[in-house]
Amino acid sequence: MSKISVTVDGMKNEDDVEPRMLLVHYLRDVLGKTGTVVGCDTSNCGACTVHLDGKAIKSCTMLAVQADGHEVLTIEGLADGGELHPMQRAFHEKHALQCGYCTPGMIMAAIDLLNENPNPDEQEIREGIEGNLCRCTGYQNIVEAIKHAAGNSSSVGASS
Ligand code: FES
Ligand code: FES
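Parameters and conventions
Residues numbered from 1 in each chain as written. Chains lettered and ligands numbered in written order. Predicted model: local features only at pLDDT ≥ 70, side-chain atom pairs only at ≥ 80, totals over all residues. Heavy atoms only, no water. Core = buried A, V, L, I, M, F, W, Y, C linked by side-chain atoms within 4.5 Å. Buried < 20%, exposed > 50% of the residue type's maximum accessible area, 1.4 Å probe, protein only. Helix = DSSP H or I, 4+ residues; strand = E, 2+ residues; numbered from the N terminus. Contact = heavy atoms within 4.5 Å. Salt bridge = Lys/Arg side-chain N within 4 Å of Asp/Glu carboxyl O. Polar contact = N/O pair within 3.5 Å; in protein donor to acceptor, adjacent residues only side chain to side chain.

### Quick notes on the nonpolar core
One recurring pattern in soluble globular proteins is that nonpolar side chains are buried together.
Thought 1: One finds Met87, Phe91, Ile142 and Ile146 to be the most contacted residues of the largest nonpolar core, which totals 24 residues.
Thought 2: Those elements that place two or more of their residues in this core are helix 2 (86–93), helix 3 (103–116) and helix 5 (140–152).
Thought 3: Apart from residues no more than four positions distant in its own chain, Ile142 is found in contact with Phe91, Ala96, Met106, Ile129, Cys134 and Thr137.
Thought 4: With 13 residues, the next largest nonpolar core counts Val8, Leu23, Leu52 and Ala67 among its residues.

Structure below.
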C-alpha cells in the first residue's frame with residue numbers, strides 16, 4: 001500500500017491505496033465520488049474526466065498514487081453551495097443530455113475547453129470535446145450549451 005494525500009473537491013484526503021489503483025476507482029470506491037463514472041476500459045469515452053490541478057484528465061488513465069500532492073476537481077465539486085456552475089446550468093437550459101452518462105465528463109471537459117479558449121467557434125468546440133463520447137444526443141445540444149456558457153459568463157472556467 002502507498003500513502004497518498006490528495007485534495008478532492010476542496011477537501012484534503014489521506015489514504016493508503018494499492019499502487020495499481022486507478023484514480024477513478026480511488027474517487028469512486030474510496031471517496032464515494034460516484035458522480036465520476038466509468039464508461040469504457042479503453043481510455044476512449046471521457047466519461048471519467050475530472051480536473052487535475054485545473055486541467056481535464058481522464059481519471060481512468062492515471063493511477064491514484066500519481067495524484068499524490070495534487071488537487072482534483074470532480075463534477076461533485078462544481079456547484080457553489082446551492083448554485084450550479086454556469087456550465088451545469090447551460091447543459092440544463094440547452095437540454096444537452098439524455099441518459100446523462102457522459103454528462104459529468106463532458107461538463108468537466110467543456111470547462112477546460114473554455115479555460116483554454118473562452119470564446120470558441122463551433123469547430124473549436126467540437127474539436128475540444130472530441131475525447132468525450134455521447135451515444136445519445138448527436139452532440140448538437142452539447143455544442144449549443146458550451147456556446148451558451150461561453151456567452152453567458154466570464155467566470156465559466158473557474159475551477160480547481
Ligand atoms: Fe475513462 Fe472511458 S472510462 S475514458
Ligand atoms: Fe447519453 Fe451522452 S446523454 S451518453
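Alright, that's what it looks like, and here's the rest.
### Side note on the pattern of salt bridges
Thought 1: Enumeration over the complete set of coordinates arrives at eight salt bridges.
Thought 2: Between Glu116 and Lys55 there is a salt bridge, with the nearest N and O atoms lying 3.0 Å from each other. Remark: Lys55 occurs in strand 4 (residues 55–58) and Glu116 occurs in helix 3; sequence separation between them is 61 residues.
Thought 3: Take Glu116: its relative accessible area is 56%, and that puts it in the exposed class.
Thought 4: Judged by its relative accessible area of 38%, Lys55 is partly exposed.

### What about the environment of His51?
Thought 1: Relative to the helices and strands, His51 resides in strand 3 (residues 49–52).
Thought 2: On the basis of relative accessibility, which here comes to 0%, the residue His51 falls in the buried class.
Thought 3: For the pair formed by His51 and Val72, sequence separation is 21 residues and the distance between their alpha carbons is 5.5 Å.
Thought 4: At 2.7 Å, the side chain of His51 forms a polar contact with the backbone oxygen of Met108.

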